[in-house]
Amino acid sequence: QVQLVESGGRLVQTGGSLRLSCAASGRTFSNYAMGWFRQAPGKEREFVAGISGSGGNTDYADSVKGRFTISRDNAKNTVYLQMNSLKPEDTAVYYCAVDRLSGLTIAKSRVAYWGQGTQVTVSS
């Protein structure tokens, strides 16, 4: 049974940093793109960052470029999201996901597995 378990979300002040982790179990995903999405109350789930299976290609939403960094450790079957210079508009539930294809990044339409989400709240 495949499981994606996110951790690291919490309340942080504007300008602060957080590191989210997503540990996968049940199968190895080193050949598949993975990524992070987020959903704020009343809004649709949106793409945040994606990474290829090898980790050699990364992709970011314009709203987080220069502030967030996605990485992965295939030996640990884990993907990370380092979030710096956090803003109140970054407040959301953050979801880890695995693409069903081995492309350069992840797309919401191709997500095969979702995590349960971790809450990030940025206070002003």
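Bear in mind the structure is a predicted one, so any value in this text is a computation, not a measurement.

How would you summarise the sheet that holds strand β7 (residues 68–73) if you had to cite specific residues and measurements?
Within the open sheet, the four strands sit side by side as β1-β3-β8-β7. Their pairing is antiparallel. Since the sheet does not close on itself, it has two edges, and those belong to β1 (3–7) and β7, each with one partner. Direction aside, neighbouring strands of the sheet carry axes that sit 15 degrees apart on average. Where β1 meets strand β3 (residues 18–25), five bridges bridge the pair, whose relative direction is antiparallel. Its bridge partner lying in β3, Glu6 is registered against Cys22.

Describe the packing of aromatic side chains, and please don't skip the residues or the numbers.
Taken as a whole and assessed by the stated rule, the structure comprises four aromatic pairs. An aromatic cluster is present here, built from Phe37, Phe47, Tyr95 and Trp114 joined pairwise through their rings. A cation sits over an aromatic face here: Arg45 above Tyr95, 3.6 Å from the ring centre. One Lys or Arg, Arg45, reaches over the ring of Trp114 and ends 4.5 Å from the middle of that ring.

Residue-level account of the side chain of Thr105, with values.
Following the sequence through the fold, Thr105 ends up in the loop between β9 (92–99) and β10 (111–114). Those residues within four positions of Thr105 in sequence are excluded, and the remaining contacts are Ala33, Phe47, Gly50, Ile51, Asp59, Asp99 and Arg110.

Thresholds, definitions, all that
Think of each chain on its own: its residues are numbered from 1, step by step along the sequence as written. Whole-chain, interface and lining totals are the exception, using all residues; otherwise, since this is a predicted model, local features are given only for residues with pLDDT of at least 70 and side-chain atom pairs are given and counted only at 80 or more. Water and hydrogen atoms were dropped before computing side-chain values, which therefore reflect all heavy atoms in the structure. Two strands form a pair only when DSSP identifies at least two bridges running between them. Under the DSSP-based scheme used, a helix requires at least four consecutive residues in state H or I and a strand at least two consecutive residues in state E, with every element numbered from the N terminus. To obtain each axis, a line is fitted to C-alpha atoms, and for helices this fit is confined to the stretch in contact; angles are then taken between N-to-C directions over 0 to 180 degrees. Side-chain rings of Phe, Tyr and Trp, where Trp is taken by its six-membered ring, are said to pair if the distance between their centres is within 6.5 Å; with planes under 30 degrees apart they count as stacked, over 60 as edge-to-face, and otherwise as tilted. Here, a charge over a ring is recorded when the distance from Lys NZ or Arg CZ to the ring centre is within 6 Å and its angle to the ring normal is within 35 degrees. By the convention used here, residues are in contact when the closest approach between their heavy atoms is within 4.5 Å.

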